[in-house]
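Listed below, chain by chain, are the residues.
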Amino acid sequence: MTVLGIETSCDETAAAVVTGAGEIRANLVLSQLDEHRPFGGVVPEIAARSHLDHIDRLVEQAMAEAGLDFPELDGVAVTAGPGLIGGVFVGVMTAKAIALAWELPFLAVNHLEGHALTARLGSDLAFPYLLLLVSGGHCQLLAVEGVGRYRRLGGTIDDAVGEAFDKTAKLLGLGYPGGPAVERQAAGGDPEAFDLPRPMLGRAGLDFSFSGLKTAVRHAADSAGLLDNPDGDPARKADLAAAFQTAVGDILAERCSKALAVFAEDYGRPGPLVVAGGVAANRHLRQRLDTVAQDIGSTLIAPPPALCTDNAAMIAWAGVERLRLGLTDPLDFAARPRWPLEELAAEARGSR
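Figured I'd write up the structure that's included with this text. Owing to the predicted nature of the structure, the values given are computational and were not obtained by experimental measurement.

### Notes on the overall build of the protein chain
- In terms of helices and strands, the protein chain carries 11 helices and 10 strands.
- Taking 352 residues into account, the globule formula puts the C-alpha radius of gyration at 20 Å, and the protein chain, at 20 Å, falls close to it.
- With the C-alpha coordinates of the protein chain rotated into their principal frame, the extents come out at 60 × 50 × 30 Å.
- Taking all 352 residues of the protein chain together, the buried fraction comes to 55%.

Written out as structure tokens, the structure is:
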């Protein structure tokens, strides 16, 4: 089984070919960072136009790298949501055209499911497992019971953790994208130099909140003369970045520790804990979560950093997983800007 994957949900144009055995035959990602950096974030219209300019070439290049012709594929998978709808449209229409021209199964993949199943790519990870999904737009704790079967245990009540990283980087003049910039700056800082809050820490439930932490970082940066000041004291910037990153680590660690206990009670075993999404590439956070998992007698499983950020290999793999179960989609499937993972179970029982 071999599936072509296409990903255009945000600011990476990507195409990949993955086999049912978990072999990545090709995995190409074209970043748009240089186009969006002057604006300090992703501009949807620019992203959509860039996808349109490059997607055909990337698909052709991926197929050539995989050494395949289109009739040799078993399906075409594409991110059909959630995401910036202009970009999603570009990918969906490209995948539909290929599926129609070569009479291949069309697989409309939920972008979040792509992240959720990435840890199974090339591994023997069995269901169920606990998933911490952390990215620029999402922060959720989910019990992954199977393909299309997700039970939400908790999520952010305001901002995603990736957004908090981006805003912190912007406040400190560290550039875009914010996550890697904050991590680099924090490496030389003292995390105890600033006293930042840990919202929701110790409270009942498994929800997150990062809005108050963002506000506290802004006040701290203002007090230290760092707010929107590219020429501010680099040492103080490093301290504040380290304090912010440590606060995020404390929040995620405490919530995941509680979630692992809930998971063990519900499923009879402690985890494993899987972390996925762009923020999962942060080494400090991985180390914190690895300690949490070990403390409860579980293990942390994290995809390689290149498969944490948006890529088409995870979409192709999700397509493989769904194709095995016969979960194909009609060519009139509509792209979706919003698409909660919890809806997939109902759809699997219905028309899909």
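### Overview of the sheet that holds strand β7 (residues 139-146)
- Strand order in the open sheet formed by 5 strands is β8-β7-β6-β9-β10, with mixed pairing between adjacent strands. This sheet does not close on itself; its edge strands, each paired only once, are β8 (149-155) and β10 (300-301).
- Inspection of the sheet shows strand β6 (residues 129-134) paired to strand β9 (residues 273-276) by 4 bridges, in the parallel sense. Its bridge partner being in β9, Leu131 is matched across the sheet by Val274.

### Notes on the sheet that holds strand β4 (residues 75-81)
- Pairing within the open sheet is mixed, and its 5 strands lie in the order β3-β2-β1-β4-β5. Only two strands of the sheet have a single neighbouring strand rather than two, namely β3 (24-31) and β5 (106-110). For this sheet the average axis-to-axis angle between neighbouring strands, irrespective of direction, equals 20°.
- Here β4 pairs with β5 via 5 bridges, running parallel. In the sheet register, Val76 faces β5, and the bridge partner there is Phe106.
- The sheet contacts of helix α3 (residues 85-102) involve β1 (2-7), β4 and β5, and relative to β4 the element is tilted by about 160°.

### Focus: the pairing of β9
- Side chains of β9 alternate between two faces, with Leu273 and Val275 and Val274 and Ala276 buried alike.
- For β9 and β10, the ladder comprises 2 bridges, and the chain directions are parallel. Across the sheet, the residue bridging to Val274 is Ile301, located in β10.
- The parallel pair β9 and β10, bridged by helix α9 (residues 283-295), forms a crossover whose chirality is right-handed.

### Focus on the packing of aromatic side chains
- Across all of its chains, the model carries 6 aromatic pairs by this definition.
- Arg336 extends its terminal NZ or CZ atom over the ring of Trp339, reaching a point 4.7 Å from the ring centre.

### As for the packing of helix α5 (residues 161-171) against helix α7 (residues 211-223)
- The geometry of α5 relative to α7 is characterised by a closest axis approach of 10 Å and an angle of 10° between their N-to-C directions. Judged by the angle between their axes, α5 and α7 are roughly parallel. Residue-level contacts link Glu163, Ala164, Lys167, Thr168 and Leu171 of α5 to Lys214, Val217 and Arg218 of α7.
- Here the residues of the contact of α5 with α7 are counted per class, giving 3 nonpolar, 1 polar and 4 charged.

### Looking at the pattern of salt bridges
- Overall, the coordinates contain 14 salt bridges when judged by the stated rule.
- The shortest N-O distance in the salt bridge between Lys214 and Glu163 comes to 3.5 Å. Of this pair, Lys214 sits in helix α7 while Glu163 sits in helix α5; the two residues are 51 residues apart in sequence, bridging distant segments of the chain.
- Taking the relative accessible area as the measure of exposure, Lys214 reaches 15% and is therefore buried.
- The salt bridge partner of Arg336 is Glu343, with a shortest N-O separation of 3.6 Å.
- Within this structure, Glu145, Arg149, Arg151 and Asp266 form a network of salt bridges that share partners.

Conventions used here
- Residues numbered from 1 in each chain as written.
- Predicted model: local features only at pLDDT ≥ 70, side-chain atom pairs only at ≥ 80, totals over all residues.
- Heavy atoms only, no water.
- Helix = DSSP H or I, 4+ residues; strand = E, 2+ residues; numbered from the N terminus.
- Rg over C-alpha atoms; globule rule 2.2 N^0.38 Å.
- Buried < 20%, exposed > 50% of the residue type's maximum accessible area, 1.4 Å probe, protein only.
- Pairing = 2+ DSSP bridges.
- Axes fitted to C-alpha atoms, helices over the stretch in contact; angles between N-to-C directions.
- Contact = heavy atoms within 4.5 Å.
- Right-handed = clockwise from strand over helix to strand, strands pointing away.
- Phe/Tyr/Trp six-rings, centres within 6.5 Å; stacked < 30°, edge-to-face > 60°.
- Lys NZ or Arg CZ within 6 Å of the ring centre and 35° of its normal.
- Parallel < 35°, antiparallel > 145°, perpendicular 65-115°, else oblique.
- Nonpolar A, V, L, I, M, F, W, Y, C, P; charged D, E, K, R; others polar.
- Salt bridge = Lys/Arg side-chain N within 4 Å of Asp/Glu carboxyl O.

Taken by themselves, the reported measurements are silent on function.
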